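Residue-level structure breakdown
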Amino acid sequence: MDHRDYMDEARGLNAPAPQAAPAAATGAEKEDFKHIGKGTNRVDGREIVTGRARFTQDIKLRGMLIGKILRSPHACAEVVSVDLRPAQALPGVLAALKLAEGKVRYAGQQVAAVAAVDERTAEKALALVKVEYRPLPFVVDWQRARDPNAPQVRDGKPNLDKLNDYSRGDVEKGFREADVVLQRTYRTGFEIHHPTETHASVAEWEAGQLTVYDSTQAVHGVRDGLARALGIPAANVTVIKKYMGGGFGCKLGLNEHTVVAARLARETGRPVKIVLSRRDNAVCVGYRPSSLQTYKAGVKKDGTLTALSLVNYASGGLGAGDSCAEPVVDVYKCPNCKVEEHTVYTNTGASRAMRAPGHTQGALGLESLMDELAAALGMDPLELRRKNYSTRSRGDTGLPYSTKGLDRCYEAGAKAIGWERRNAEPGAAAANGPWRRGLGMATSIWFGAGTPGTLADLVLYPDGSVEIVCGTQDIGTGTRTHMAVVAAETLGLEPKDVTVKLGNSDYPWAPISGGSLTTPSVAPAVRDAALKAVERLNGLAAQLLKAEPADVVIGDRKFFLRGAPDKAVPFADVYRALRRETVFHGERAGHPANEYAFNTFGAHFAEVEVNVETGNVRVLKFVAAQDSGRIINKLTAESQVHGGLIQGLSAALFEERVLDNATGNPANANLGDYKIATMADAPEITPLFVDVVDERLNNLGTKGLGEPARVAASAAVANAVFNALGVPVREIPMTPPRVLEALRRKEARS
Amino acid sequence: MDERPNGKRASGVSRRDFIKGMGTGALGTAVLPPLFGQTIATKKGRVAVYDRKPITLTVNGRAMSLVVEPNEMLLDVLRDKLDLTGTKKICGRGECGGCTVLLDGAPVYACLYLAVRADGRSVTTIEGLADGDRLHPVQEAFIEKDGYQCGFCTPGFIMTASAFLEKNPDPSPGDIKQALSGHLCRCANYPKIREAVGAAAAKMRRG
């Protein structure tokens, strides 16, 4: 899924029209929840810690073949011929497919595929496929691709393309009104998602029905994509994903190899499994695009912003890069704002949405700029942000925010990190040998309102068991558990009493697990189904208790009369009165998106230590204060925040895909050379939730958290490094050479 | 495929032929029949060139005999031949710790460990860590502290942690960091993993 589609999803632009009117008062405002907002252990924890949780890579079906894909070694070439016969002749090979027609446009593009009885035979067969290429000129360095004389990546289209334009007010007037005008350029590199489980699909046909087990963040999206790609009705396709080893955006939508698995399975009449290699993961399933952001800001002496402009060059290979303008357009009160964004096409695989696409880059740029402005004004960076606080979207010119707890995030975060300990002047850190300490913070904004029209069913069985069925995905975020928590809370049960079924495209529709959509889409749908069940059950219980339904209260696995807990009937008795399994359909209702802006907010604070001799940076402490509405499960929410912050740390200090410009092949396509933070790099972390319940949004007042936990983390680290050194690095990852380079800049200046 | 002619054949078997022999599976028998039954010079003297080899392993307390390729890794044998898929393949190069199993009680990266070397030894995988329905204290602590997110790296972390706590029953947070820094968790829930290992240590000390 590319950036634009992803952002449309995240903004709720593709949301189905809900059948239900927004629910009236639902009791969500009451604060005496037993499970919601508390810490509940994962309902599937036992499966995970015993190794019994079955991931797509673990699936083995009777007669299953292994599929392998041959990929182009050339960054651009015409495929003159593909001879599959030598591969087909190898004993144990059951099918071979030609996949490339005409041109291949990046090193790693699929050319041919085989299915064989085992992995070794499939690998040998791939080596026997004879491909004749006619190499063509290519360009993989995005800076060089901007040159009008560079080889054209897309036939008949320039490599440089417009990505985004935005304007409000008059920036030139704003700059004239300013006391201080700063222009600064920031860079972010190419980050790779690298989920622990590489992409995998297992396809099986039975009587014209296709079942695909896929490591995906979107079972419904893959189902629809497969139906289109194979020319079969969506009704004949089922996509299943029970457990998945991470995604972070690179497992959204249909993947090419999944179609290949389905085609090979159709041709051989046997199940086919394709698992991408770690190298494939670095080459052909996306990455976060780079950015080169030049900001210009005008500010008055008292800190009031008068104008902000951004010119960005993004590069996403064969795909469009990310627009990273949302933070500069939205976060701070500023009447004049202008944005011009370009994307540069190159002969590398297309980028994909990666956790908070565009926003992490934009936050790095904008938030670094804010700290440089604060330093120029001699102002506390947090005060500068408060000075320009907005209560409406679009820099205080758009719709009012339905709720915005950012001020509370600032306050809680500053207190927890000990903001007063920062160097009042950047670089004024006391020397501790070669180490200098600094504190920095950054603001995040994201969507996270959820998708109206999301469906969930609650099934009550006469034996007293309860099931929640929803075609959502648990990608490690704890979706199963929060569904159980919401159902149990509403029905007066314990989370472990609820069986959760998800990860199947035959189940009721739910959106992608991306865009921080899942909790604010699924939890309200589950709540709705459970409330309907309670209404029905209260009626039945009232008959058994010979009372009015309004007097019946639910809780502790029984129904009882208000004020008379001893007059009770157990749950199971009431269920039995239903006489058969009974389904209650729940739906996430709409919210007034035309009247209010619904966003999530957060403030990340970091304390770092920088070695001025080696350029090494250590993050000592992180505090994240998040406004994601009501938190459903505090335990898994904390885990989300830990992950978001440490991924931000990792991007800020270590992660960068390196390409060989001479061939277009990656130089660090493994987990040794592509550096990812380990436990040794992980600091002490304090997650804080300000719990601003948004009752206009949904029946639980809850918003998304996955991306808000990631947006500002790299920027907070960058600002802490600036605070420690007195000179900004202005580029991530802040590798030791780049830190030392920044220090040299500082020396040259003084 | 490399089309260059083979190097000189001093011992009758070139290095290239040997490597090719090692790299071929079932096909090897057809392609290189003259190689088998011969010996080849190595630093440790001449060793027999063989095709597949029968080995015995005690896996999670149960003895088993199987035939493996000479270049087959323990990880692939566990996952593909014994259907013990709890042990995961993440990097396949000893960079992430995801495939960690215990070999005679000591953690090893199964992705880099030749199955033939495990002949006659005892292997514990994540499936064999619990005592029936009673979870190992490390497993319990991972659930209680939410020491995971997607769970794919979790078996590796748990195996290393369980062996580490046998050796160091009262570790400091720094010890835990050090011991587990060879593992990658891309969801990056390291603080809770560390907390879980600390809690497991306390549980184990209490007995």
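Calculation criteria
- Here, residues in each chain are numbered from 1, in the same order as that chain's written sequence.
- To read the labels, note that chains go from A and ligands from 1, taken in the order they are written.
- Residue-level local features of this predicted model are given only where pLDDT is at least 70; pairs of side-chain atoms are given and counted only at 80 or more, and the full residue set underlies all totals for whole chains, interfaces and linings.
- Think of it this way: any DSSP run of H or I at least four residues long counts as a helix, any run of E at least two long counts as a strand, and we number them from the N terminus.
- In this scheme every C-beta is placed from the backbone, and a residue whose C-beta has 20 or more other C-beta atoms within 10 Å is buried, one with 12 or fewer is exposed, and one in between is partly exposed.
- We call two residues in contact when the distance between their C-beta atoms, placed using the backbone, is within 7 Å.
- What fixes the domain bounds is an automatic or database domain assignment.
- Nonpolar residues are Ala, Val, Leu, Ile, Met, Phe, Trp, Tyr, Cys and Pro. Charged residues are Asp, Glu, Lys and Arg, and all others, Gly as well, are polar.
- Pairing between strands requires that DSSP locate at least two bridges from one strand to the other.
- Only the contacting stretch of a helix is used when fitting its axis, a line to C-alpha atoms as for every element, and angles between N-to-C directions run 0 to 180 degrees.
- Directions pointing from the helix axis toward each C-beta atom define the arc.
- By definition in this entry, angles of less than 35 degrees are roughly parallel, angles greater than 145 are roughly antiparallel, angles of 65 to 115 are roughly perpendicular, and the rest are oblique.
- Each helix crossing is assigned a hand: it is left-handed if the near helix lies turned anticlockwise from the far helix by less than a right angle, otherwise right-handed if that turn is clockwise.
- Each nonpolar core consists of buried Ala, Val, Leu, Ile, Met, Phe, Trp, Tyr and Cys residues. Their C-beta atoms, within 7 Å, join them into a set.
- Expected helix span is taken as 1.5 Å per residue step, with the number of steps being one fewer than the number of residues.
- Per-residue confidence from the prediction method is given by pLDDT, with values spanning 0 to 100.

Per the secondary structure count, chain A includes 21 helices and 27 strands. The dimensions of chain A, computed from C-alpha atoms along their principal axes, are 85 × 75 × 50 Å. Taken over 750 residues, chain A has a buried fraction of 61%. Taking contacts inside chain A between residues at least 6 apart in sequence as the whole, the part at least 24 apart equals 80%.

Within chain B, the regular secondary structure consists of seven helices and seven strands. When each of the 207 residues of chain B is scored for burial, the buried share is 44%. Summarising the internal contacts of chain B: among those between residues at least 6 apart in sequence, 54% fall at separations of at least 24.

In this section: the domain arrangement of chain A. Quoted interface sizes are often the accessible area lost when the parts come together. All names here are of chain A. Domain parsing of chain A yields domain 1 (3-32 + 450-587) and domain 2 (399-448 + 595-749). Across the contact, 22 residues belong to domain 1 and 22 residues belong to domain 2. Elements supplying a minimum of two residues to the side of domain 1 that touches domain 2: helix H15 (479-491) and helix H16 (518-545). Here the side of domain 1 that touches domain 2 gets six residues from one element, more than from any other, and that element is H16. Among the residues forming the side of domain 1 that touches domain 2, the class breakdown is nine nonpolar, nine polar and four charged.

This part takes up the sheet that holds strand E5 (residues 110-116) of chain A. Residue and element names in this part refer to chain A. With mixed pairing, the seven strands of this open sheet are ordered in space as E3-E5-E1-E12-E9-E10-E11. Of all strands in the sheet, those bounded by a partner on one side alone are strand E3 (93-98) and strand E11 (237-240). Direction aside, neighbouring strands of the sheet carry axes that sit 20 degrees apart on average. Looking at chain direction, strand E9 (residues 200-206) and strand E10 (residues 209-214) are connected through six bridges and run antiparallel. Considered in E10, the bridge of Glu204 is made with Thr211. Against the sheet, helix H4 (residues 119-128) makes contact with strand E1 (65-71), E3 and E5, and its axis sits at roughly 30 degrees relative to E1, the strand it touches most. Contacting E1, E3, E5, E9, E10 and strand E12 (272-275), helix H8 (residues 256-268) crosses the sheet at an angle of about 30 degrees to E9.

Residue and element names in this part refer to chain A. Considered for burial, the residues of helix H1 (residues 3-10) that qualify are His3, Tyr6, Met7, Glu9 and Ala10. For H1, the arc enclosing every buried residue in end-on projection is 155 degrees, short of the 170-degree limit, so these residues lie on one face. Positive phi appears at Gly12, one or two residues downstream of H1, with a value of about 80 degrees.

Between chain A and chain B, the contact holds 45 residues from the first and 45 residues from the second. Counting only elements with at least two residues in the side of chain A that touches chain B, the list comes to helix H2 (45-49), H4 and helix H18 (634-653) of chain A. For the side of chain A that touches chain B, the leading source of residues is H18(A), giving seven residues. Split by residue class, the side of chain A that touches chain B holds 18 nonpolar, 18 polar and nine charged.

Glancing now at the domain arrangement of chain B. Residue and element names in this part refer to chain B. Once the domains are mapped, chain B shows domain 1 (1-51), domain 2 (53-128) and domain 3 (137-206). Facing 15 residues of domain 2, the contacting portion of domain 3 comprises 11 residues. Breaking the side of domain 2 that touches domain 3 down by element, the ones donating at least two residues are strand E5 (100-103) and strand E6 (106-109). Per-element accounting of the side of domain 2 that touches domain 3 gives the leading share, three residues, to E5.

Residues and elements named next belong to chain A. The four strands are arranged E19-E18-E17-E23 in an open sheet whose pairing can be described as mixed. The open sheet has two free edges, formed respectively by strand E19 (498-501) and strand E23 (582-587), since each of these has just one partner strand. Here the strands of the sheet are splayed against their neighbours by 20 degrees on average, with no regard to which way each runs. Across four bridges, strand E18 (residues 466-469) lies against E19 in parallel orientation. Across the sheet, Ile468 pairs through a bridge with Val500, a residue of E19.

Once that is clear, we can look at the environment of A:Trp205. Turning to its location among the elements, A:Trp205 is positioned in strand E9. Linking A:Trp205 and A:Ala680, residues 475 residues apart in sequence, is a C-alpha distance of 46 Å.

All names here are of chain A. Where H15 contacts H16, the axes come no closer than 9 Å and their chain directions differ by 30 degrees. Taken together, the axes of H15 and H16 lie roughly parallel to each other. Crossing angle aside, the handedness with which H15 passes H16 is right-handed. Residue-level inspection shows Thr479, His482, Met483, Val486, Ala487, Thr490 and Leu491 of H15 in contact with H16, the latter providing Thr518, Thr519, Val522, Ala523, Val526, Arg527, Ala530, Leu531, Ala533 and Val534.

All names here are of chain A. Within the secondary structure layout, Ala589 lies in the loop between E23 and strand E24 (600-611). Under the C-beta neighbour-count criterion, Ala589 is labelled buried, with 22 such atoms within 10 Å. In sequence terms Ala589 and Lys387 are 202 residues apart; their C-alpha atoms lie 36 Å from each other.

Another aspect to go through is the nonpolar core. Formed by 289 residues in total, the largest nonpolar core has its most connected members in A:Val114, A:Cys470, A:Ala487, A:Val526, A:Val717 and A:Val721. Setting aside anything within four residues of it in sequence, one finds A:Val721 in contact with A:Gly438, A:Val608, A:Val610, A:Val617, A:Val729 and A:Met734.

Between its terminal C-alpha atoms helix H20 (residues 713-725) of chain A stretches 19 Å, which fits the 18 Å expected from 13 residues at 1.5 Å a residue. A:Gly726 sits one or two positions beyond H20(A) and adopts a positive phi of about 80 degrees.

The subject of this paragraph is unusual backbone geometry. Residues and elements named next belong to chain A. Residue Pro733 is reached from Ile732 by a cis peptide bond, and omega for that bond is 0 degrees. Among the structural elements, Pro733 can be located in the loop between strand E27 (731-732) and helix H21 (736-749). For Asp556, which is not a glycine, the phi torsion comes out positive at approximately 50 degrees. Position of Asp556 among the secondary structure elements: in the loop between strand E20 (552-555) and strand E21 (558-561).

The predicted structure's coordinates, where accompanied by low pLDDT, should not be read in detail. All names here are of chain B. For chain B, per-residue confidence averages 86 on the pLDDT scale, and residues scoring 70 or more make up 82% of the total. Scored below 50 in pLDDT, residues 1-13 shows 15 contacts in the model against residues more than four places distant or in partner chains. Segment residues 17-32: pLDDT under 50, and 21 contacts once partners within four positions in sequence are set aside and those in other chains are kept. Predicted complex metrics record ipTM = 0.97 and pTM = 0.94.

Okay, the environment of A:Lys157 next. Positionally, A:Lys157 belongs in the loop between helix H5 (142-145) and strand E7 (160-168). Once the C-alpha coordinates of A:Lys157 and A:Gly317 are considered, the two residues, 160 residues apart in sequence, prove to be 14 Å apart.

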